[in-house]
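Each chain, letter by letter, is given below.
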Amino acid sequence: MKASETKRPSLRTADLTVIAIAAALIAICAWISVPAAVPFTLQTFGVFFVLSLLGASRGALAILVYIFLGAIGIPVFSGFSGGMGVLLGNTGGYIVGFLLTALAYGGIVALLGKRLWTEILGLLLGLLLCYALGTAWFMAVYTRAKGAVSLGTVLSWCVFPFILPDLGKLALALFLSKRVSPALKGIHRS
């Protein structure tokens, strides 16, 4: 086989720029805290928006860059926090779970085509996987540090209060990505 026959798509400068901007957008969204009975950030909105706008591959790379920046100590996580302590802490599984969101989204869209309903399905499945990993992670870390905690308790702390806001963020992210997408036609690839 010739080298030209095994050519893989490469990232262009425009791709790298968009990925970096998308990682920064996720960080900015993580810093925005919406007061409520249980305060929440716009971090998941950023993840949904980036995946819908850039596609699964570049979106996953943006999420990976975001997690890497936080892991090395840059304060990109909620509350202007960063470092391995955050990732290895109680809620680190939810952050790592964003990669599962990207995988689920990419898998569904690749399998069924990129249409609004497949994007919704992919992001919902990804959100469920993110919740599952984050909840299991939370239970393991919390149990090791403070003692056993029930699944129901963790769900009531970390999932149930966020379901409706996350669904709203998903809808808003899809709406806005469809509005912004035409402006990125020159650099847009799935």
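Everything discussed here concerns the structure shown above.
The structure contained in this document is the topic of the report that follows. (Residues numbered from 1 in each chain as written. Predicted model: local features only at pLDDT ≥ 70, side-chain atom pairs only at ≥ 80, totals over all residues. Heavy atoms only, no water.)

With that settled, consider the layout of surface pockets. Within this model, the largest pocket holds a volume of roughly 510 Å³. Around the largest pocket, the lining comprises 22 residues; the ones closest to its centre are Thr41, Gln43, Thr91, Tyr94 and Phe162. Its residues placed into classes, the lining of the largest pocket shows 14 nonpolar, six polar and two charged. (1 Å grid on protein atoms, 1.4 Å probe; cavity = no way out; pocket = protein on both sides within 12 Å on 5 of 7 lines; lining within 4 Å. Points joined across faces, edges and corners; volume = space filled by probe spheres on them. Nonpolar A, V, L, I, M, F, W, Y, C, P; charged D, E, K, R; others polar.)

Here the focus is unusual backbone geometry. We note that Phe80 has phi near 55 degrees; this positive angle belongs to a residue other than glycine. Within the fold, Phe80 resides in the loop between helix 3 (56-71) and helix 4 (84-87). The class for Phe80 is exposed, based on a relative accessible area of 54%. (Helix = DSSP H or I, 4+ residues; strand = E, 2+ residues; numbered from the N terminus. Buried < 20%, exposed > 50% of the residue type's maximum accessible area, 1.4 Å probe, protein only.)

A few words on the nonpolar core. Leu51, Ile63, Tyr66 and Leu123 are the most contacted members of the largest nonpolar core, which has 46 residues in total. Elements that contribute at least two residues to this core include exactly helix 1 (13-31), helix 2 (43-54), helix 3, helix 5 (92-112), helix 6 (116-146), helix 7 (151-158) and helix 8 (160-180). Non-local contacts of Leu123, meaning those with residues more than four positions away in its chain, are made with Phe48, Leu51, Thr101, Tyr105, Leu170 and Leu174. (Core = buried A, V, L, I, M, F, W, Y, C linked by side-chain atoms within 4.5 Å. Contact = heavy atoms within 4.5 Å.)

Quick look at a nonpolar patch on the surface now. A surface patch of nonpolar side chains, about 620 Å² in accessible area, is lined by Leu116, Ile120, Leu124, Phe160, Ile163, Leu164 and Leu167. Put simply, the parts of the chain that give the nonpolar patch at least two residues each are helix 6 and helix 8. Looking at which element gives the most residues to the nonpolar patch, the answer is helix 8, with four residues. Here Ile163 lies in helix 8. On the accessibility criterion, Ile163 (32% relative accessible area) is partly exposed. (Patch = residues over 30% accessible without salt bridge, like charges linked within 9 Å, V, L, I, M, F, W, Y side chains within 5 Å. Areas by Shrake-Rupley, 256 points an atom, 1.4 Å probe, with all protein chains shown as cover. Salt bridge = Lys/Arg side-chain N within 4 Å of Asp/Glu carboxyl O.)

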